[in-house]
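Summary of the model geometry
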Amino acid sequence: MDMLEDYLRAVSRLLPKAKREDIIAELRDEILTRIESQEGELGRTLTPDETEQLLRDFGHPIVVAARYRDEPQYSVGPALYPFWIFAVRMAVILEVVISALVFFGRLMAGANPAEALGTAIGSGITGVMTLIGFATVAAWIIERKGITIAYFKTWRVRDLRFLDFAAWDWADVSDWMAARTPRPQAASHDYGAYYGWNLRQSSAGRGVSAIVAGVVFILWWVGALSFGLTPIPVDYASLHVDPGALAHVDWPALKAAVYWPVLAWSLALILFGTVILTWPRGVRLRGVIDIFMGLAGLAIALWIWTASPVANAIRVDSVQVLLQRIQAFFIQPLPIPLELAATVFLILFAFGAFCRALGGLWELLTGAPRYPGD
């Protein structure tokens, strides 16, 4: 019976320790009963091959042990699946779009087309697999650790619109593209009307999107994702671009200087999305996070404007000087001045951060959400 003991030992390794001995005793009795019954029919002892076939018919140890395990037998359960597929689709879309932009950017910079395409495909596939893996591991941890998601008890009907996107397939995408013109008013039972959904009206969708954006950015920021962004020689003249002093900036030093503040800001974005998802009515808490993110963004923008390695290239002394540069750009747009583009971008970033902090203060003081979907 060495074969039976080897079989039961393999099963026992996969069983919960608290119930292992009782289950093995039960399985041993059942298998021995089958062996005795078959030997009685044959009138002789089973051969090793016949015994192995009986055990094979009884079931693989993994399958047999799975019948007695209490924890979930899946990585992504049915309750989490819509959130998982939503996050995966958002992450894949981000990865594909960024990889495509990098590919065309490298082509415009004079890179070899075949090399640029190979880099884009390689980084895209690696990035997609990495993002799917992170999403699956997160879902697995939630399932195995029994983490309670308050959203399942505090959800609101207005938050359900994001499920439209989670349920989309290629046929839905084709229908949406074929129906780009406004549809007639649909009847109340015509769920096709939801193709006109607005993601921003769903706080749950906005929460998952914030988490996905934060995770994707952090993975790129720490180097886990590359998007094919490798340095290549750039012929600015052929691109009709004037980099000015930005061509001589030490970009690695700039990233090192803002590494931790930007990382903290990205983590706050993930926290913001988590709060929206798990506690949709926590308006004041979201306001506090918005205030932090807004002030942090303003601080980063102020440092870049005044003390960073690019400060001398992008800072302007007055609004009048900025307006003069913008006017000169419209008069003669080529070559495109990257210094002016960086200046305008930083100003808009700071303005957005200010509006975010102001909106967070409003939510904190009034408890009233800023967005209609909240």
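Heads up: the structure comes first, above all this text.
None of these values were measured; they are calculated from a predicted model.

1. Some points on the packing of aromatic side chains
Across all of its chains, the model carries eight aromatic pairs by this definition. Judged by centre distance (5.6 Å) and plane angle (55 degrees), the ring pair of Phe217 and Trp220 falls under tilted. Of this pair, Phe217 and Trp220 are both found in helix H10 (residues 203-221), three residues apart, which corresponds to roughly one turn of the helix. Residue Phe217 is classed as partly exposed on the basis of its relative accessible area, which comes to 31%. Ring geometry for Tyr259 against Trp260: centres 5.2 Å apart, planes inclined by 85 degrees, an arrangement best described as edge-to-face. Just above the ring of Trp220 sits the side chain of Lys255; from NZ or CZ to the centre is 5.6 Å. One residue, Lys255, lies across the ring of Trp221, its end atom 5.0 Å from the ring centre.

2. What to know about the side chain of Ser12
Counting through the fold element by element, Ser12 comes out in helix H1 (residues 2-12). Apart from residues no more than four positions distant in its own chain, Ser12 is found in contact with Arg20 and Ile24.

3. Some points on a negative patch on the surface
A surface patch of like charges, here negative, comprises Glu21, Asp22, Glu26 and Asp29. In this fold, Asp22 is placed in helix H2 (residues 20-42).

4. With respect to the side chain of Thr343
Positionally, Thr343 belongs in helix H15 (residues 338-366). When its relative accessible area of 0% is taken as the criterion, Thr343 is described as buried. Aside from chain neighbours lying at most four places away, what touches Thr343 is Trp305, Ile314, Val316 and Leu322.

5. Let's talk about unusual backbone geometry
Cis geometry marks the peptide bond from Leu334 to Pro335; its omega dihedral reads -5 degrees. By the element assignment, Pro335 lies in the loop between helix H14 (319-331) and strand E2 (336-337).

6. Focus on the environment of Ala25
On the secondary structure map, Ala25 appears in helix H2. Taking the C-alpha atoms as reference points, Ala25 and Leu8, separated by 17 residues in sequence, lie 9.3 Å from one another.

7. Some words on the pattern of salt bridges
Going through the model one piece at a time under the given rule, you end up with five salt bridges. With a closest N to O distance of 2.8 Å, Arg9 and Asp6 form a salt bridge. Taken together, the residues Arg9 and Asp6, both in helix H1 and three residues apart, mark about one turn of the helix. You can call Arg9 partly exposed: its relative accessible area is 44%. For Asp6, a relative accessible area of 45% gives the class partly exposed.

8. Quick notes on a nonpolar patch on the surface
A grouping of Trp279, Leu285, Val288, Phe351, Phe354, Leu358, Leu361, Leu364 and Leu365 is seen on the molecular surface, where their side chains present a nonpolar patch of about 860 Å² in accessible area. Of all the secondary structure elements, the ones that give two or more residues to the nonpolar patch are helix H12 (283-306) and H15. If you trace the backbone, Phe354 turns up in helix H15.

Calculation criteria
Residue indices follow the written sequence of each chain, beginning from 1 at its first position. Per-residue local features of the predicted model are confined to residues with pLDDT of at least 70, and side-chain atom pairs are confined, for both listing and counting, to 80 or more; whole-chain, interface and lining totals are unaffected and use all residues. As a rule here, side-chain values come from all non-hydrogen atoms in the structure, and water together with hydrogens is ignored. Any two rings among Phe, Tyr and Trp, with Trp reduced to its six-membered ring, count as a pair given centres within 6.5 Å; such a pair is stacked if its planes are under 30 degrees apart, edge-to-face if over 60, and tilted if neither. Runs of E in the DSSP output that reach at least two residues are strands. Runs of H or I that reach at least four are helices, and both are numbered from the N terminus. For every residue, the accessible area (1.4 Å probe, protein chains only) is compared with the maximum for its type, and the residue is labelled buried under 20%, exposed over 50%, or partly exposed between those bounds. In our convention, an over-ring charge means Lys NZ or Arg CZ found within 6 Å of a ring centre and within 35 degrees of that ring's normal. Contact definition: two residues touch when any of their heavy atoms are within 4.5 Å. Without a salt bridge and with relative accessible area above 30%, a residue can belong to a patch; like charges are then joined within 9 Å and nonpolar side chains (Val, Leu, Ile, Met, Phe, Trp, Tyr) within 5 Å. Accessibility throughout is a Shrake-Rupley quantity obtained with a 1.4 Å probe, and a residue counts as covered only by protein chains that appear here. When a carboxyl oxygen of Asp or Glu lies within 4 Å of a side-chain nitrogen of Lys or Arg, that pair is called a salt bridge. Charged-residue counts in this description rest on Lys and Arg as positive and Asp and Glu as negative, His and the chain ends being excluded. The atoms used to mark charge sites are NZ of Lys, CZ of Arg, CG of Asp and CD of Glu.

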